[in-house]
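# Structural overview
Residues per chain are reported as follows:
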Amino acid sequence: PAMSRRVVRQSKFRHVFGQPVKADQMYEDIRVSKVTCDSSFCAVNPKFVAIIVESGGGGAFIVLPLAKTGRVDKNHPLVTGHTAPVLDIDWCPHNDNVIASASEDTTVMVWQIPDYVPVRNITEPVVTLEGHSKRVSIISWHPTARNVLLSAGCDNLVILWNVGTGEMLLALDDMHTDLIYNVGWNRNGSLLVTTCKDKKVRVIDPRKQQVIAEKTKPHDGTRPIRAIFVADGKIFTTGFSRMSERQLGLWDLNNFEEPIALQEMDTSNGVLLPFYDADSSIVYLCGKGDSSIRYFEITDEAPYVHYLNTYSSKEPQRGMGFMPKRGLDVSKCEIARFFKLHERKCEPIVMTVPRKSDLFQDDLYPDTPGPEPALEADEWLSGKDAEPILISLRDGYVPIKNRELKVVKKNILDSKPPPGPRRSHSTCDSDFSQPALEEVLEEIRALKETVQAQEKRICDLENKLCQFTNGTD
């Protein structure tokens, strides 16, 4: 009898359920892109939802403020700078007004999106990153270092960029012998995991430019594999068995030979896109063309990957956006929000843990990565690592107002010493005494401090105002 007492595994996530929002909370009349490509087509953050759309002769995506639900005006401006279809988009984790796009035109573009809706199309990117020789189908920002962006193309090349200077930091070539299916960072951005048409999963140290672990055929089938890092550096994969059944796998880097878990799910040919929430250790699987989202909790006890439930609907999904934790409504015990793309609309789906209390549920919301980067790009490149800077969601998260992305192109002349003896440019050097200069510098210093203090005060007041008006403008 002692054995049978605990039949059901204890977990606060056992009863998580999904629910679509009401009809007027959807985004209607959007011509979602029909490009055949296994990317998610949708990127969201606490301010905006961005969706890759159809566009005649070129590539475009639409950006809508989250609150702008309902029918989208057919003349709503688009972001149109690419000369061929857009294949992937990704919001910068450290600036909610900055988004990167990758295109069939071989370029990556980074865009500054204003807080107001612009009158006409946005056509000028802040920076264009050129380095791939074929279409670019994957982009992903570094989780903790400012302005570091990864792109992967059909030239089997992975490039890391410093968006702040527009320069290439690293190119990982000679690693992948075929098409790259997906690329994912670990939590602090020290390692990458990639999947490839050559049937290998690779774990790469990008700064050493080394493959530190690899697994051939984690799934026996021929269809595309996906891989992501989950907690404790383990790797979660989705793929297909030899009999074309969809599978999931959990792997330990230190023993890549044998899976910790390998489970069959169903026979369907859609590639399963995994979305992982580190705070709850839940992985959500969304198949392109499926009409359901399956979700599993990953723990340290066998069988390690525990099926929780399936959210089912009638309509198949063409793509899926996944809101970062800081964009969720903690007062409703929401632990995930998906943005499901249909042919002509985008439908938010809310995942909730049923709780009776109105109080903040701190066990559901551990501190979570906030919008501040932990490192500068050059610190990361030189070998430093840092965990994400965490914030509390106890009082909800108020998005920060638009911060401009400044791109300072390095001038090649800067690094060369000036030729010949340096002549002074100023004619009044001799009359300008040292004490007078000191005085001016002191005054500039004081002014700087005043400006910074005012800037902070304005920012605080704006945030307070946001809380009062709460998005009703």
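Residues numbered from 1 in each chain as written. Predicted model: local features only at pLDDT ≥ 70, side-chain atom pairs only at ≥ 80, totals over all residues. Heavy atoms only, no water.

## Overview of the nonpolar core
Nonpolar side chains tend toward joint burial in soluble globular proteins. Operational definition: Nine residue types can take part in a nonpolar core, namely buried Ala, Val, Leu, Ile, Met, Phe, Trp, Tyr and Cys, and a core is a set of them joined through side-chain atoms within 4.5 Å. Relative accessibility thresholds used throughout: buried, under 20% of the residue-type maximum; exposed, over 50%; partly exposed, between the two (1.4 Å probe, protein chains only). What counts as a helix is a DSSP run of H or I of at least four residues, what counts as a strand is a run of E of at least two, and both are numbered from the N terminus. For this analysis, residues touch if any pair of their heavy atoms sits within 4.5 Å.
Formed by 37 residues in total, the largest nonpolar core has its most connected members in I30, V49, I51, F61, I113 and F339. Within the residue set of this core, elements represented by two or more residues are β3 (42-44), β4 (48-53), β5 (59-65), β7 (78-82), β8 (86-91), β10 (107-112) and β29 (334-341). The element that contributes the greatest number of residues to this core is β4, accounting for 6 residues. Apart from residues lying up to four places away in sequence, I30 is in contact with I51, V53, I62, L64, V72, E343, R344, K345 and C346.

## Some thoughts on the UniProt feature "repeat: WD" (unreviewed entry) in the chain
What counts here: UniProt positions are given in the numbering used here, feature names are shortened, and annotations may be inferred rather than shown by experiment.
Under the local residue numbering, the UniProt record ascribes the feature "repeat: WD" (unreviewed entry) to residues 79-113, 129-171 and 173-214. Span residues 129-171 is 0% helix and 56% strand, its end C-alpha atoms 13 Å apart. Structurally, residues 173-214 comprises 0% helix and 52% strand, and the distance from its first C-alpha atom to its last is 16 Å.

## Here we look at the pattern of salt bridges
We apply this condition: Put simply, a salt bridge is a Lys or Arg side-chain nitrogen that is within 4 Å of an Asp or Glu carboxyl oxygen.
Tallied over the entire structure, the rule returns 30 salt bridges. As a salt-bridge pair, K325 and D279 come within 3.9 Å of each other at their nearest N and O atoms. Placement of the pair is K325 in the loop between β28 (319-322) and β29 and D279 in the loop between β24 (272-277) and β25 (282-287), with a sequence separation of 46 residues. Judged by relative accessible area, which is 9%, K325 ranks as buried.

## Topic: unusual backbone geometry
Residue P303 is bonded to the preceding A302 through a cis peptide linkage, with omega at 0 degrees. Looking at where P303 falls in the secondary structure, it is placed in the loop between β26 (292-298) and β27 (305-312). A positive phi is found at S281, a non-glycine position, where the angle reads about 60 degrees. Here S281 shows up in the loop between β24 and β25. A residue is classified by how much of its surface remains accessible, and S281, at 14% relative accessible area, is buried. Even without being a glycine, C333 presents a positive backbone phi close to 55 degrees. One can find C333 in the loop between β28 and β29.

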